[in-house]
Amino acid sequence: KRNIKQLKQWYQRRVRGQLIIALYFVLIIVVMKVLVTTYNAAAKVPIKGEDLTPLLALDQHPDIISMGFEEIGDSDAWEDEVDKLLENHGYYRVKLETMWAIQIVVFAKKQHLPFISHIESVETKTGMGGLTANKGATTIRFRLYDRTVAIVNSHLAAHKDEVSARNTDYWSIMRDQEFRDTAAKNLCDHDFLIWAGDLNYRVEHENVAVRRMISEGKHLDLLQHDQLLREIRNRKAFVGFHEAAITFKPTFKFDEETRTVRDYQETGLLAGVTGYSGEPKRNRWKLGG
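Quick caveat: nothing in here was measured; it's all calculated off a predicted structure. (Residues numbered from 1 in each chain as written. Predicted model: local features only at pLDDT ≥ 70, side-chain atom pairs only at ≥ 80, totals over all residues. Heavy atoms only, no water.)

Caption draft 1: Here's a closer look at the packing of aromatic side chains. Here the structure, examined in full by the defined rule, presents 10 aromatic pairs. Arranged with centres 6.3 Å apart and planes meeting at 80°, the rings of Y170 and F241 form a pair that is edge-to-face. Residue Y170 is found in helix α3 (residues 163-176), and its partner F241 is found in the loop between α5 (227-233) and β10 (254-255); the two are separated by 71 residues along the sequence. Given the relative accessible area of 6%, F241 is considered buried. Members of the aromatic cluster, each reached through a chain of ring pairs, are Y170, W171, W195, F238 and F241. The aromatic ring of Y91 is capped on one face by K109, whose charged end is 4.5 Å from the ring centroid. For the cation-ring pair, R166 lies above Y201, with the distance from its terminal atom to the ring centre recorded as 5.3 Å. (Phe/Tyr/Trp six-rings, centres within 6.5 Å; stacked < 30°, edge-to-face > 60°. Helix = DSSP H or I, 4+ residues; strand = E, 2+ residues; numbered from the N terminus. Buried < 20%, exposed > 50% of the residue type's maximum accessible area, 1.4 Å probe, protein only. Lys NZ or Arg CZ within 6 Å of the ring centre and 35° of its normal.)

What follows is the structure, given as structure tokens:
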């Protein structure tokens, strides 16, 4: 009887301990903050003394930070700047992947490092039909506690009329990228798939009308002309992805020398590009494969 009683007590302690551990993991996953940001650097280096803290939302204390770049130019300068800033805030680099001018780097808080495993990175070239790396994607994936996470940073085909090329780039990246982890061998196998970058989809509308709607504060009405949303509705790209509510104004290119906005009709509004407007860039995510 004594042995049975001891065994019962041991079993109860073990079950209670497992429940506590399980509860701990659930709570960690639920409250964890993952920040994904991306920036087209236009081949420029960081401005000396410029504070990148707002770009990385450090005031929100994210647990994981992914920083993506397009047209990065001097990658060493950006790496040094971002590394120094995040190290001073207690973040450690998990992985970096660079494909010519497209780069992605992931950082994590120290307490999460023992629970990050199966780290991999891949790249896909889509420029000139897959021959050049000026367009494409770099991806970092990993297991975070008991979940699989993949973060894609991409630069899709440019120019307003190249919607089909952008869609093709998307499907090429989805089809091409494979991983060694048997739990998630493809992008869509991951529990969390987050897609960021200079997607290059535009707003198709007359330049004069676009400027008037923005000046009147009716910029959200331009979403009905958004190429990306249209392609999603028609299931031609980003099928099954979700996007946070868009509240910011459309972004744009401008003439660097005169600091004036270029003609919208000529360049289109960049629906997925931060550019120089300082507005948030659109990211998309997919949950549960």
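Caption draft 2: Quick look at helix α2 (residues 75-88). With 14 residues, α2 should cover 20 Å at 1.5 Å per step; its first-to-last C-alpha distance of 20 Å lies within 8% of that length. Looking only at α2, the buried set comprises S75, W78, E79, V82, D83, L85 and L86. Against the buried residues of α2 lie β1 (34-40), β2 (64-70), β3 (91-99) and β4 (102-109). N-capping of α2 is provided by D74, with a side-chain oxygen placed 3.3 Å from the backbone N of D76. Positive phi shows up at G90, right after α2, with a value of about 85°. (Expected span 1.5 Å × (residues − 1). Contact = heavy atoms within 4.5 Å. Polar contact = N/O pair within 3.5 Å; in protein donor to acceptor, adjacent residues only side chain to side chain.)

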